[in-house]
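Observations on the three-dimensional arrangement
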Amino acid sequence: MKKIITACVSLLICANSLFAQNPFIRDQFTADPSARVFGNRVYVYPSHDILATEGKGRVGWFCMEDYHVFSSDNLTDWTDHGMIVTQNKVPWVRPDSYSMWAPDCIERNGKYYFYFPTAAKDTVAYGRGFTIGVAVADKPEGPYIPQETPIKGVRGIDPNVFIDNDGQAYLYWSAGNIYGAKLKANMLELDSEVKILGDLPTKGLKEGPYVFERNGIYYMTYPHVENKTERLEYAIGDNPFGPFKIVGAVMDESASGCWTNHHSIIQFKNQWYLFYHDKDYSPRFDKARSIRIDSLSFNADGTIRKVIPTLRGVGITKATSQIQIDRYTQLSTDGSSIAFLDTMNRFKGWETIFAKPGAWSQYNKVDFGSKPLKSVTINARSVDGGILEVRIDNLNGPVIAEIKIPKSNEWKLIEAPVLNYKAGIKNLFVILKNGTQTGTDWISFK
Ligand code: FUB
């Protein structure tokens, strides 16, 4: 019986190890997410931060040697397709550059063009500093074949490609300012003079351009240092080269102090999304970042409603999955806090700590399905023992379970009956009814 229970518990854990909340890649550092919709899936091409060590990159600075691509058809379950381009397999790249910075990818006539900036080994031919190259594939997840040489005439970082409704492709990049040029139909060469997009803020660094069109409005979006750290801003115009009119912020500076932000904006299944990054797994070092998603919407006049970053992220969470309430929608201001489960390995995630009765966490959009769920399991521990109440709809909504957490410093799986099953998508509330210092890792229904 013990073996059967252990097998069932590990099955539950394996079947539910995917995440929808922020950050949404949970086993490595990721930054600069370029999201694209190809067919029925969203593909995300981020930078891949690693930690520099002596002899490998520059300690205390960005360190990136390769790129992965991730995809999802629901923004909840993500597949890592593995490494697609690495610095020592690109003929022109300095193999110890560790500067494979923010990339982008676009589809044209069934081919996928992956643009990436880095340092060239031949500084006489391609100059010092950053230039931009392309790798080409037949499928979004690769395999990608890098070109022999970088794109002629481009010096800078953060490539972004936009294809207009008339089929003309544009390449944008940054080097303090934002630059742009037309691309030839082969997507590998410039087809115009390089233009500085001069209508954007003149003071403070601008980088990471991302251009899209909606209802005839061309949005030039970019991180900009107006104050101390980067804020996502935008300007609008009526063609891909402007003139642009500065409108405002898409997202304010991060409360965490992460100096960079870098984003992309897509529409998927009738909803717009902002992909961006913060430093969730690395609170003290902002060159080890993690990518996030939040919903984005527009006002009737086409201006963008400012996006407030959340930990809850997007998508619907199945009640039968391990619901990470530490990625909350809202947390009580008194008595609730979030901490890493293991500061030696932060990728293990977080716990919610309820310190006193009345402390709570709210987690929205949990799908309870249509077949009655009979029990709830919680992974918890409690210094003095405690009682957790689970409610739906609102803080005073129906109690669907009451779980007694025994006094223990060890994590324990505790099961309790569901008292009052309700079908459908509900907001979930976990509230400490009695007790002190009660940590909750996850909660799941079956
Ligand atoms: O990831 C390295 C650099 O940091 C990017 O190229 C910039 O946009 C900033 O996010």
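All figures in this text were calculated on a predicted structure; none of them were measured in a lab.

1. A closer look at the overall build of the chain
Scanning the chain from terminus to terminus reveals two helices and 30 strands. For a compact globule of 446 residues, the expected C-alpha radius of gyration is about 22 Å, and the chain comes in at 24 Å, within 12% of that figure. Dimensions of the chain, computed from C-alpha atoms along their principal axes, come out at roughly 70 × 50 × 40 Å. The proportion of buried residues among the 446 residues of the chain is 55%. Considering only contacts in the chain between residues 6 or more positions apart, those separated by 24 or more positions represent 58%. The average position of the 51 basic charges and that of the 48 acidic charges among the side chains of the chain differ by 5 Å.

2. What about the site of the ligand?
Every residue close to the ligand is listed here: Asp-32, Phe-62, Met-64, Trp-101, Ala-102, Asp-158, Glu-207, Thr-260, His-262, His-277 and Arg-289. When isolated, the ligand has an accessible area of 270 Å², and the protein chains bury 99% of it. Residue composition of the shell around the ligand, grouped by class: four nonpolar, three polar and four charged.

3. Digging into the confidence of the model for the chain
Of the residues in the chain, 96% have a pLDDT of 70 or more, and the chain-wide mean is 94. Every residue in residues 1–18 is under pLDDT 50, and counting partners more than four places away or in other chains gives ten contacts.

4. Re the sheet that holds strand E22 (residues 336–340)
One open sheet holds the five strands; their spatial order is E22-E23-E30-E25-E28, and the pairing between them is antiparallel. Sheet topology places E22 and strand E28 (408–417) at the edges, where each strand pairs with a single neighbour. Pairwise comparison of adjacent strand axes, ignoring direction, gives a mean angle of 30° for this sheet. Here strand E25 (residues 375–382) runs beside E28; their pairing, made up of seven bridges, is antiparallel. Across the sheet, Val-376 pairs through a bridge with Ala-416, a residue of E28.

5. Details of the pairing of strand E10 (residues 169–175)
Among the seven residues that make up E10, six are buried, leaving the element largely enclosed by the rest of the structure. Counting the residues in the hairpin turn of strand E9 (residues 157–163) and E10 gives five residues, including Gly-167, whose phi is positive at 90°.

What counts and how
- Residues numbered from 1 in each chain as written.
- Predicted model: local features only at pLDDT ≥ 70, side-chain atom pairs only at ≥ 80, totals over all residues.
- Heavy atoms only, no water.
- Helix = DSSP H or I, 4+ residues; strand = E, 2+ residues; numbered from the N terminus.
- Rg over C-alpha atoms; globule rule 2.2 N^0.38 Å.
- Buried < 20%, exposed > 50% of the residue type's maximum accessible area, 1.4 Å probe, protein only.
- Contact = heavy atoms within 4.5 Å.
- Lys, Arg positive; Asp, Glu negative; His and termini not counted.
- Charge placed at Lys NZ, Arg CZ, Asp CG, Glu CD.
- Near = heavy atom within 4 Å.
- Areas by Shrake-Rupley, 256 points an atom, 1.4 Å probe, with all protein chains shown as cover.
- Nonpolar A, V, L, I, M, F, W, Y, C, P; charged D, E, K, R; others polar.
- pLDDT = per-residue confidence, 0-100.
- Pairing = 2+ DSSP bridges.
- Axes fitted to C-alpha atoms, helices over the stretch in contact; angles between N-to-C directions.

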